[in-house]
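Now for the letters of each chain:
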Amino acid sequence: MKLIKPLIGFFSLSALTLGVAQASMPKSQILLADLNTPYGLQVSIVSDKNSYNNQPNLIDNGVYFTHEVITNGQSQTDIVYYDLTTKQITNITNSPVSEYSPTIMPNKNNLSAIVVEADGKQKLWQYPLKSENAPSRIFDWIEPVGYHAWGVQNDLVMFILGKPHTLQYTSVEEAKGQVAASNIGRTLIYNKSTATFLFSYTKNEQHILASFNPQDKQVEDLLRLPAQVQDFILKDDTTIAYAIKNRVYQRKLDGSDEVSQWLNLSTYCETNITRISYNNEKLAFVCDVIK
């Protein structure tokens, strides 16, 4: 792992961008909202806004996210980690290829990520967090993987790119994807309270939030989502949340049509919030940067 220069206050992250060339990826910034402070809502900056920063995964002590690195005019992405205490950023993958979608594995000792390998194939890899062991590919044959979410028994669902995109379920031991649904969206979440995976998909020209039960392999439609919502989080066992423009809304999973505004983050993001991650009264959110 490579330690990147610490932040100066909240605003100096220029050390992350290893080059002066313009990158082709859209610019975005990750911010962190602390919802429970003596002073109310407090927002701090996690990443720079001069490059692509996305797919935050907020845990108790920090934020993993995908960060664009520019070297000799060439752009690729690494997985980095922002420590909430030290305000330092560490490059976890630090490789010549691109990595996306950082996700903590069930054993808590490894981070999984999608790797765009040298031949362009997208496969799932793991990176040890508490040892010096080398990263390794999890599945040799399952590809192209776009996104993934782990259960608790070393099982997982994956977004497999194709025409159409499919939701596939497997375990590390089985290593053979089973198609559970088609025309799916990019958000995959495991709900521990129900032991099911949440995802969205298009059905009869409607955008549906659904659950997949790994025990009986059944898909259950839960509610209809707004057409523009591709990313959502599980706020608690029974509530989802998603952003539209620069506000975050919440809704129960019981099928109720009632939607309420949870957070107005327009003061901190004047454009669009594209992804969010929630943990322990904190919300990491991605704000688009206008050129």
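Conventions and cut-offs
Here the residue index of a chain counts from 1 through its sequence in written order. Since the coordinates come from a predicted model, pLDDT governs what is reported: local features require at least 70, and pairs of side-chain atoms require 80 or more to be given and counted, while whole-chain, interface and lining totals use all residues. Hydrogens and water are ignored here; the side-chain numbers use all heavy atoms of the structure. In this description a helix means any DSSP run of H or I spanning at least four residues, a strand means any run of E spanning at least two, and both kinds are numbered starting from the N terminus. We compute the radius of gyration over the C-alpha atoms and compare it with the globule rule, which gives 2.2 Å times the number of residues raised to the power 0.38. Here's how the labels work: a residue is buried when its accessible area is under 20% of the maximum for its type, exposed when over 50%, partly exposed in between, all with a 1.4 Å probe on protein chains only. Residues count as neighbours in contact if any of their non-hydrogen atoms are within 4.5 Å of one another. Accessibility throughout is a Shrake-Rupley quantity obtained with a 1.4 Å probe, and a residue counts as covered only by protein chains that appear here. Here, any two strands with at least 2 DSSP bridges between them count as paired. As a rule, the C-alpha atoms of each element are fitted with a line to give its axis, helices using only the stretch in contact, and angles between N-to-C directions run from 0 to 180 degrees. Any pair of cysteine sulfurs within 2.5 Å is marked as a disulfide. A cavity, in this analysis, means grid points on a 1 Å lattice covering only the protein atoms where a 1.4 Å probe fits yet has no way out; a pocket is instead an open set bounded by protein on both sides within 12 Å along at least five of seven lines, and a residue lines either one if it has an atom within 4 Å of a point. Grid points are joined across faces, edges and corners, and a volume is the space filled by probe spheres set on the points. Under the convention adopted here, Pro, Cys and the residues Ala, Val, Leu, Ile, Met, Phe, Trp and Tyr are nonpolar, Asp, Glu, Lys and Arg are charged, and Gly plus all remaining residues are polar.

Participant: Before we go on, may I ask you to explain the overall build of the chain in this structure?
Facilitator: Broken down by element type, the chain carries zero helices and 25 strands. For the chain, the C-alpha radius of gyration of 19 Å lies close to 19 Å, the compact-globule estimate for 291 residues. Counting only C-alpha atoms and orienting by the principal axes, one finds that the chain spans roughly 50 × 45 × 35 Å. Residues counted as buried form 49% of the 291 residues belonging to the chain. Look at the contacts in the chain between residues 6 or more apart in sequence, and 38% of them connect residues 24 or more apart. Entry remark: accessible area of the chain is about 14,400 Å², with carbon and sulfur atoms responsible for 46%.

Participant: Just to check I follow, could you spell out the environment of Arg 224 for this structure?
Facilitator: Summarising the element assignment, Arg 224 is placed in strand S19 (residues 218-224). Expressed as a C-alpha distance, the spacing of Arg 224 and Gly 255, which sit 31 residues apart in the sequence, is 8.4 Å.

Participant: Quick question: what am I supposed to make of the sheet that holds strand S20 (residues 233-236) here?
Facilitator: Picture the strands of a sheet paired through backbone hydrogen bonds; they go either parallel or antiparallel. What the four strands build is an open sheet, ordered S20-S21-S22-S23; its pairing is antiparallel. Each having just a single partner strand, S20 and strand S23 (259-264) make up the two edges of the open sheet. On average, each strand axis in the sheet is inclined to that of its neighbour by 35°, with strand direction left out of account.

Participant: Just checking my understanding: could you explain the state of the cysteines for this structure?
Facilitator: Linking two cysteines covalently through their sulfur atoms gives a disulfide. Counted under the stated rule, the structure contains one disulfide. Disulfide partner of Cys 269: Cys 287, at an S-S distance of 2.2 Å. Its S-S torsion of about 90° marks the bond between Cys 269 and Cys 287 as right-handed, since a negative value means left-handed. In this pair, Cys 269 sits in the loop between S23 and strand S24 (273-279) while Cys 287 sits in strand S25 (residues 282-288), placing the two residues 18 residues apart along the sequence.

Participant: I would appreciate a short explanation of the layout of surface pockets in the present structure.
Facilitator: It is the rolling of a water-molecule-sized probe over the atoms that shows where space remains empty. Approximately 1,400 Å³ is the volume found for the largest pocket. At five residues, S24 tops the list of elements feeding residues into the lining of the largest pocket. Tallied by class, the residues present in the lining of the largest pocket amount to 20 nonpolar, 12 polar and 10 charged.

Participant: Would you mind showing me how to read the sheet that holds strand S3 (residues 42-45) here?
Facilitator: The strand order across the open sheet formed by four strands is S3-S2-S25-S24, and the pairing between neighbours is antiparallel. Two strands lie at the open edges of the sheet, namely S3 and S24, each paired on one side alone. Direction aside, neighbouring strands of the sheet carry axes that sit 25° apart on average. Here strand S2 (residues 28-34) pairs with S25 via seven bridges, running antiparallel. Bridge pairing in S25 places Leu 32 opposite Ala 284.

Participant: Got a minute to help me understand the pairing of strand S10 (residues 122-128) in this structure?
Facilitator: Consecutive residues of a regular strand have side chains that alternate between opposite faces of the sheet. Counting buried positions over the seven residues of S10 gives five, a clear majority of the element. Note that strand S9 (residues 110-116) and S10 share seven bridges and pair antiparallel. Looking across to S10, one finds that Val 116 is bridged to Gln 122. Where S9 folds back on S10, the antiparallel hairpin that results is connected by five residues, among which Gly 120 adopts a positive phi of roughly 90°.

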